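Structural overview for review
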Amino acid sequence: MGRYMLTAFSKSGETLLDESFEAATEKEAKELGEKRLEEMNLLDTTHRCSNASGKLVLFHR
């Protein structure tokens, strides 16, 4: 299991979401991140999901 960080920002730069979670693969992390963003109605905001070494697995601007 790997550790991933999910972060979302408002247009003004305010952090709207900053959570960590575990996933078995990058694909699973992307799916879990998108699901969480959808639950919080943040899919249209700037967001990113990265692994512990900083590699982006999900990004939207």
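Described in the following lines is the structure provided in the data block. Keep in mind it's a predicted model, so treat the numbers as computed, not measured. (Residues numbered from 1 in each chain as written. Predicted model: local features only at pLDDT ≥ 70, side-chain atom pairs only at ≥ 80, totals over all residues. Heavy atoms only, no water.)

**So, the pairing of strand E4 (residues 56-60)**
When strand E3 (residues 46-51) meets E4, the two strands line up antiparallel, connected through four bridges. When the bridges of E4 are listed, Cys49 appears paired with Leu58. (Pairing = 2+ DSSP bridges. Helix = DSSP H or I, 4+ residues; strand = E, 2+ residues; numbered from the N terminus.)

**Focus on the nonpolar core**
Tyr4, Leu6, Ala8, Leu17, Phe21, Ala23, Ala29, Leu37, Leu42, Cys49, Val57 and Leu58 together form the largest nonpolar core, which totals twelve residues. Looking at this core, the elements with two or more residues in it are strand E1 (2-9), strand E2 (15-23), helix H1 (26-39) and E4. Beyond its immediate chain neighbours, meaning those up to four positions away, Val57 contacts Tyr4, Glu26, Ala29, Lys30, Cys49 and Ser50. (Core = buried A, V, L, I, M, F, W, Y, C linked by side-chain atoms within 4.5 Å. Buried < 20%, exposed > 50% of the residue type's maximum accessible area, 1.4 Å probe, protein only. Contact = heavy atoms within 4.5 Å.)

Distances and angles like these do not, on their own, reveal function.
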